[in-house]
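For reference, the chains in residue letters:
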Amino acid sequence: MIAIIVASPLQVFNSIIIMNHFYPNEKADLFIWNSLCDMRQVADLYKGVELIDSIYDMAQIFKGKTRIGSLWDHLVLSKEQKRLLDKVKSKNYTDMFTTWVGGIATWLFTKLSKYNHKLKLHYYEEGIGVYLNRIYTDYNRIKVMYKLLKYKCEVDYLEDIYLYKTKLPLHLPEKLKKVEIGVVTEKDIQVLRRGTISSEKIFIPYQAHCIYFENNFRNTMFEGFNSLLVLEQIANILGKENLCVRLHPKTTNDVYSINGYMKDKNSMAWEDIISLKGAIENQILITTISTSVYSPKLIYEKEPRILILGKLISNEYSNYKWAANFWERNFAEFTLRFKDTYNKKENFQIPESFKELESILKMWK
């Protein structure tokens, strides 16, 4: 039995692919964590997949919103925590997969290890963050606290990390073993479709020439940026009828529809959409920093036309403090390295100004 912590639709998708590639004869329990969106709705889409045994909601496990509250969650076993552990303590977990979600992973690994003394721990790809960040940095400051509380800080037990592109990460330690997930095939998709509600949903073909992938920047270093400023520039070139906005799962305030922009009506997971033949081949994918535009290449080795606007924003809005963050060193280096993986490099463009953006869009029109 495999235990997997998931906190986004992409993580559910990746975890199932890992199961199908490496543990096809095993079952997995998903422990859902609502850090990015309501994972209960997402998990419900996949609960029929034959590789999944049970789904456990971790929402009530950690209630502390402050440091003291978080400390209390680790010190005192709540009714919700006990209820969860009672459900899983008799299960024989051999492996646990997680991303670096912090305290929740440390808590679960420590608790499951008490019942499964040989439990192996693995990290897996959660998006492009794994390619950009130093995953150990944040843990160095809290290791002492975990050890004093007699918890197992998971990075001390980490065996390896599962990735689609093992040569792309910028800062992963050399000693950490990197396991390539492998390209997702039609057989993988069939495993997903046989058990998901998503497979019952009908894909609505994109009429717009361009798909803009919106990000929710609240409480991030990008807060203050207004996507409508960029969309207006694109609309002036192509017209609003040629532009569709796909909202981030965390976005609740739709400012795009009221400003005349088409919203993506597809309720299918993006990973399911891009698996379909002809779904995005004629579209241009545009974003500031969204993982979604990288997914076709990372997951399926598809090479749609992509526009990354980070450098443009950094240049055109340089008088704003958030602007430089869109083309900070790690993201810039990763994006350039990612472009090098494209066979058709002309399909991956990084405009530096609105003037250059206009030239590219007119060329691709």
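In case you missed it, the structure is sitting above this.
In short, a report on the structure. (Residues numbered from 1 in each chain as written. Predicted model: local features only at pLDDT ≥ 70, side-chain atom pairs only at ≥ 80, totals over all residues. Heavy atoms only, no water.)

### Notes on the overall build of the protein
Helix and strand counts for the protein stand at 14 helices and 13 strands. Relative to a compact globule of 365 residues, whose C-alpha radius of gyration would be 21 Å, the protein shows 21 Å and is just as compact. Its C-alpha atoms put the protein at 60 × 45 × 40 Å along the principal axes. When burial is assessed residue by residue, the protein has 55% of its 365 residues classed as buried. Carbon and sulfur atoms make up 49% of the accessible area of the protein, which totals about 17,400 Å². The centroid of the 51 positive side-chain charges in the protein is displaced by 4 Å from the centroid of its 42 negative side-chain charges. (Helix = DSSP H or I, 4+ residues; strand = E, 2+ residues; numbered from the N terminus. Rg over C-alpha atoms; globule rule 2.2 N^0.38 Å. Buried < 20%, exposed > 50% of the residue type's maximum accessible area, 1.4 Å probe, protein only. Areas by Shrake-Rupley, 256 points an atom, 1.4 Å probe, with all protein chains shown as cover. Lys, Arg positive; Asp, Glu negative; His and termini not counted. Charge placed at Lys NZ, Arg CZ, Asp CG, Glu CD.)

### Describing unusual backbone geometry
Phi at Glu301 is positive, roughly 65 degrees, even though this residue is not glycine. With relative accessibility at 34%, the residue Glu301 sits in the partly exposed group.

### Structural notes on the sheet that holds strand S5 (residues 120-124)
Paired through their backbone hydrogen bonds, the strands of a sheet run either parallel or antiparallel. Strand order across the open sheet formed by 7 strands is S3-S2-S1-S4-S5-S6-S7, with parallel pairing between neighbours. Edge strands, defined here as strands with exactly one partner in the open sheet, are strand S3 (52-57) and strand S7 (177-180). On average, each strand axis in the sheet is inclined to that of its neighbour by 25 degrees, with strand direction left out of account. In terms of strand pairing, strand S1 (residues 2-6) meets strand S2 (residues 28-32) through 5 bridges, oriented parallel. Directly across from Val6, in S2, lies its bridge partner Ile32. With respect to the sheet, helix H5 (residues 103-115) is in contact with S1, S2, strand S4 (95-98) and S5, its orientation differing from that of S4 by roughly 175 degrees. (Pairing = 2+ DSSP bridges. Axes fitted to C-alpha atoms, helices over the stretch in contact; angles between N-to-C directions. Contact = heavy atoms within 4.5 Å.)

### Points about the pairing of S2
The buried count for S2 comes to 5 of 5 residues, which makes it a mostly enclosed element. Burial along S2 is two-sided: Ala28, Leu30 and Ile32 facing one way and Asp29 and Phe31 facing the other are all buried. Between the parallel elements S1 and S2, the chain passes through helix H1 (residues 9-22) in a crossover that is right-handed. (Right-handed = clockwise from strand over helix to strand, strands pointing away.)

### Looking at the sheet that holds strand S8 (residues 210-213)
Spatially, the 6 strands line up as an open sheet ordered S10-S9-S8-S11-S12-S13, and their pairing is parallel. Strands with a single pairing partner mark the edges of an open sheet, and in this sheet they are strand S10 (262-263) and strand S13 (348-349). Bridging between strand S11 (residues 284-287) and strand S12 (residues 305-308) involves 4 bridges; their strand directions are parallel. Its bridge partner being in S12, Ile284 is matched across the sheet by Arg305. Contacts between helix H14 (residues 354-364) and the sheet are confined to S8, S11, S12 and S13, with S12 contributing the most and set at about 170 degrees to the helix.

### Things to note about the nonpolar core
In terms of nonpolar packing, the biggest core is built from 132 residues, with Phe31, Tyr46 and Tyr294 touching the most fellow members. Excluding residues that lie within four positions of it along the chain, Tyr294 makes contacts with Ile128, Ile308, Phe331, Phe334, Thr335, Phe338 and Phe348. (Core = buried A, V, L, I, M, F, W, Y, C linked by side-chain atoms within 4.5 Å.)

### Brief notes about the side chain of His171
Inspection of the secondary structure assignment puts His171 in the loop between strand S6 (158-163) and S7. There is a polar contact of 3.0 Å between the side chain of His171 and the side chain of Asn330. For His171, the residues in contact, after removing those within four places along its chain, are Leu132, Asn133, Arg134 and Asn330. (Polar contact = N/O pair within 3.5 Å; in protein donor to acceptor, adjacent residues only side chain to side chain.)

### Examining the packing of aromatic side chains
Throughout the structure, instances matching the rule amount to 27 aromatic pairs. Between Tyr317 and Phe354 the ring centres are 6.2 Å apart and the planes differ by 90 degrees, which places this aromatic pair in the edge-to-face class. In this pair, Tyr317 sits in the loop between helix H12 (310-316) and helix H13 (329-341) while Phe354 sits in helix H14, placing the two residues 37 residues apart along the sequence. Residue Tyr317 shares its accessibility class with Phe354, and that shared class is buried. (Phe/Tyr/Trp six-rings, centres within 6.5 Å; stacked < 30°, edge-to-face > 60°.)

### Regarding the side chain of Asn14
Examined against the element boundaries, Asn14 turns out to sit in helix H1. What makes Asn14 buried here is its relative accessible area of 0%. Each residue touching Asn14, except ones within four places of it in the same chain, is listed here: Tyr124, Glu125 and Tyr164.

### Some words on the pattern of salt bridges
Counting across every chain of the model gives 12 salt bridges. Where Asp86 meets Lys82, a salt bridge forms, and the shortest distance between an N and an O atom there is 3.1 Å. With Asp86 and Lys82 both in helix H4 (residues 79-88) and 4 residues apart, the pair spans about one turn of that helix. Judged by relative accessible area, which is 36%, Asp86 ranks as partly exposed. In this structure, Lys311 engages Glu352 in a salt bridge whose closest nitrogen and oxygen atoms are separated by 3.2 Å. In this pair, Lys311 sits in helix H12 while Glu352 sits in the loop between S13 and H14, placing the two residues 41 residues apart along the sequence. (Salt bridge = Lys/Arg side-chain N within 4 Å of Asp/Glu carboxyl O.)

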